[in-house]
Amino acid sequence: MFVPMFLALVLWLGLLAVHVQAIDLSAKPASENSRDEIARSSLLETRGAASNHSCSRACSLLAEKFPSQVYSSGTSLYAAFEQSFWTMQQTEVQPHCIFRPGDATDVSAAIRTVRQTQCTFAVRSGGHAAFAGASNAHNGLTIDLRGLNKVKLSDDDTIAHVGTGNTWYDVYTALQPSNLTVIGGRVAAIGVGGLTTGGGISFFSGLHGWACDNVRNYEVVTASGDILQVNISSYPDLYFALRGGGPNFGIVTRFDLFTYSLPQGLMWGGSLVYLMNYSSSILTAFTEFGVNAPSDPNAALIVAYAYYKGQYLVTADLEYAKPLVDPAIFHDFKAVPSLQDTTGIKTLADITIEFNQSNPSGFRVTSWTATYQLNYTMASYIVDIFIEETNVVANATGILPACILQFITINQLSHMSKYGGNALGLSTNEPLILLELAYMWKSAADDERILQACKNIVERTVTMSREWGLTEEYLYMNYASQFQDVVPSYGKENHERLFEVARKYDPEGVFQKLQPGYFKLNGSPKRR
């Protein structure tokens, strides 16, 4: 999930009294705690929940071999792990134990163990997924990859060998002294693993494509426990599947990423915040940028509509891959009167920190996505429906909703054919609007109605896009909710091709049956 810098701007306006504090449920009345427990129990249900016996056996076997790397309930290390997740829903999930491997061989041992015991499992990289069970296994085994955190350059500096447990801030700061970067995430604390296997939009995607289009080689532990070096020459079918197919084919323990020059890590970027009466001007500039993006692939843009206590604001996050002040392609946004302008020359790492401040932990969170052909009327309709449905749930405790509009530009699409093409199935030659609905709130009692509001927004806008001939079926995995069928949205041909790859490398369906919590080949982890 990605949230732009609107929360920081809300803070600047004095609308939020509390920002990043963890939510304290202990002082609630008994009746509210009861409602929360019911909602929590519903969210913790995941397909194929492990039996206590199978996972007790798996944890015991791993603890015998790796006594210092297995954390059990009731220990301080287990408690610290549980509190390290981004969202409240993820912290509520209680695995039978946690295993923290130190290298790919350890991961192989974990996979062999879950196969032997039939214990369900989850894999955690950065822990930034929004919904329960995505990277934490209730009553199962959670494999915590944060110990795989090396960043090493190749001898010729063209490849960065990046452990899956890194955050993007770790990666960017490690490469900055070498005047290099890689194509990765835009929020400091997001993990390398989930973002890259799900696609991975970057500030530099106009120049080089998405993160999955910039992986030279994957080190992967397969369902058999084998450790493979996967690239277009060695295993071209598996290489294709890993480029957007999610965690359905193995556990990636290292990404070998192409590097690109970024002297001193410097670029230009920041946010502009506007009142809603300038919305039409911003949407016009948004639409024109999407059409003109190929003329300056250094530029990246995010427009978000955010709500807090009866007031809607518009923000435009502008980024440029060079340290050039006020690039011409952003002129229309700069021409609109703004309440605040934070743009300036900064390091890439610092910009990711700014975005991270807008992604506070300790909230309940949901994220939903949809894709449409680029059109001003379509963009305006999305915003209208967002406001209409948000007004219905606006009295939810601590609600902070955002409607985030981005692009899949023509130049981004052109990069998706590199190295044999990725698995995403985007073959259009027209620019697209990529929607993320990002809602944060405090009380589990509001879960169902907020989820329903998001579902309504997606269904209503997609229905209208079909009527107007502006539909695009693709769903972006990293923004999708647990109720959305991501992999089938890649198109029939790619969907069938991914099934073939899975049958070849995982004939017993280990990653389909024993890893139930994230997006599967046959659909969403939880159907609504």
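It should be noted that the structure appears before, not after, this text.
On a predicted model such as this, the values are computed, not experimentally measured, just so you know.

Novice: Go over helix 16 (residues 447-467), please, and point to the residues and values.
Specialist: Taking 1.5 Å as the rise per residue, helix 16 with 21 residues should run 30 Å; its terminal C-alpha atoms sit 31 Å apart, in good agreement. The positive-phi residue at the C-terminal boundary of helix 16 is Gly469, with phi of around 70 degrees.

Novice: How would you summarise the state of the cysteines if you had to cite specific residues and measurements?
Specialist: One pass over the structure, following the stated rule, counts two disulfides. Each sulfur in the disulfide pair Cys55 and Cys119 lies 2.1 Å from the other. On the S-S bond that ties Cys55 to Cys119, the torsion sits near 105 degrees, and the link is right-handed. Highlighted residues: Cys55 in helix 3 (residues 52-65) and Cys119 in the loop between helix 6 (104-117) and strand 3 (121-124), separated in sequence by 64 residues. In this structure Cys55 comes out as buried when scored by relative accessible area, which is 0%.

Novice: Break down the sheet that holds strand 1 (residues 70-72) for me, with residues and values.
Specialist: If you walk across this open sheet you meet the four strands as 1-2-4-3, and the pairing is mixed. With one partner strand each, in any of the chains shown, strand 1 and strand 3 form the two edges of the open sheet. The mean angle between the axes of side-by-side strands here comes to 20 degrees, regardless of whether they run parallel or antiparallel. Where strand 1 and strand 2 (residues 97-99) come together, three bridges link them in antiparallel fashion. Across the sheet, the residue bridging to Tyr71 is Ile98, located in strand 2.

Novice: So what's going on with the layout of surface pockets? Which residues, and what values?
Specialist: The calculated volume of the largest pocket comes to roughly 410 Å³. Lining the largest pocket are 22 residues, and of these Val458, Leu475, Phe483, Gln484 and Asp485 sit closest to its centre. Contributions of two or more residues to the lining of the largest pocket are made by strand 17 (364-373), helix 16 and strand 20 (471-472). Top contributing element to the lining of the largest pocket by residue count: helix 16, with six residues.

Novice: I'd like a rundown of the packing of aromatic side chains, residues and numbers included.
Specialist: Under the counting rule described, the total for this entry stands at 24 aromatic pairs. Ring plane angle 65 degrees and centroid distance 5.6 Å describe the contact between Tyr218 and Phe255, whose orientation is recorded as edge-to-face. Here the residue Tyr218 occupies a position in strand 8 (residues 215-221), and Phe255 occupies one in strand 10 (residues 251-258), the gap between them amounting to 37 residues. For the residue pair Tyr218 and Phe255, the accessibility class agrees, reading buried in each case. Ring geometry for Tyr476 against Tyr479: centres 4.6 Å apart, planes inclined by 85 degrees, an arrangement best described as edge-to-face. Across the pair, exposure class does not vary: Tyr476 and Tyr479 are buried alike. Taken together through their ring pairs, the aromatic side chains of Trp268, Phe286, Phe289, Phe330 and Phe407 make up a single cluster. Between the NZ or CZ atom of Arg124 and the centre of the ring of Phe85, over which it lies, the distance is 4.5 Å. When the ring centre of Phe240 is taken as origin, the NZ or CZ atom of Arg497, which lies over that ring, is 3.5 Å away.

Novice: Describe the pairing of strand 10, naming the residues involved and giving the relevant values.
Specialist: Judged by how many residues are buried, strand 10 sits mostly within the fold: seven of eight residues are covered. Of the pairings in the sheet, the one linking strand 6 (residues 159-163) to strand 10 comprises five bridges and is antiparallel in character. Across the sheet, Gly163 pairs through a bridge with Arg254, a residue of strand 10. In this sheet, strand 10 lies alongside strand 8 in antiparallel orientation, the contact comprising six bridges. Within strand 10, the residue paired with Val220 across the bridge is Val252.

What counts and how
Within any chain, residue numbers begin from 1 and follow the written order of that chain's sequence. Two thresholds apply to this predicted model, a pLDDT of at least 70 for residue-level local features and 80 or more for giving and counting side-chain atom pairs, whereas whole-chain, interface and lining totals are computed over all residues. The side-chain numbers reported here are obtained from all heavy atoms of the structure, hydrogens and water having been left aside. Where helices and strands are cited, they refer to DSSP runs of H or I of at least four residues and of E of at least two residues respectively, numbered from the N terminus. Helices are assigned an expected span. That span is 1.5 Å times one less than the residue count. When the sulfur atoms of two cysteines come within 2.5 Å, that pair is taken as a disulfide. Summary of the burial criterion: residues with accessible area below 20% of their type's maximum are buried, those above 50% are exposed, and those between are partly exposed, where the area comes from a 1.4 Å probe applied to protein chains only. A strand pair is defined by DSSP finding two or more bridges across the two strands. Every axis in this analysis is a line fitted to C-alpha atoms, fitted for helices over the stretch in contact. Angles between the N-to-C directions lie between 0 and 180 degrees. Grid points spaced at 1 Å and placed over the protein atoms alone form the basis of the search, with a cavity being a set where a 1.4 Å probe fits but cannot get out and a pocket an open set showing protein on both sides within 12 Å along at least five of seven lines. Lining residues have an atom within 4 Å of a point. Grid points are joined across faces, edges and corners, and a volume is the space filled by probe spheres set on the points. Centres within 6.5 Å make a pair out of two Phe, Tyr or Trp rings, where for Trp the six-membered ring is used; the pair is then stacked when the planes are under 30 degrees apart, edge-to-face when over 60, and tilted otherwise. Sitting over a ring, as applied to charges here, requires NZ of Lys or CZ of Arg to be within 6 Å of the ring centre and within 35 degrees of the ring normal.

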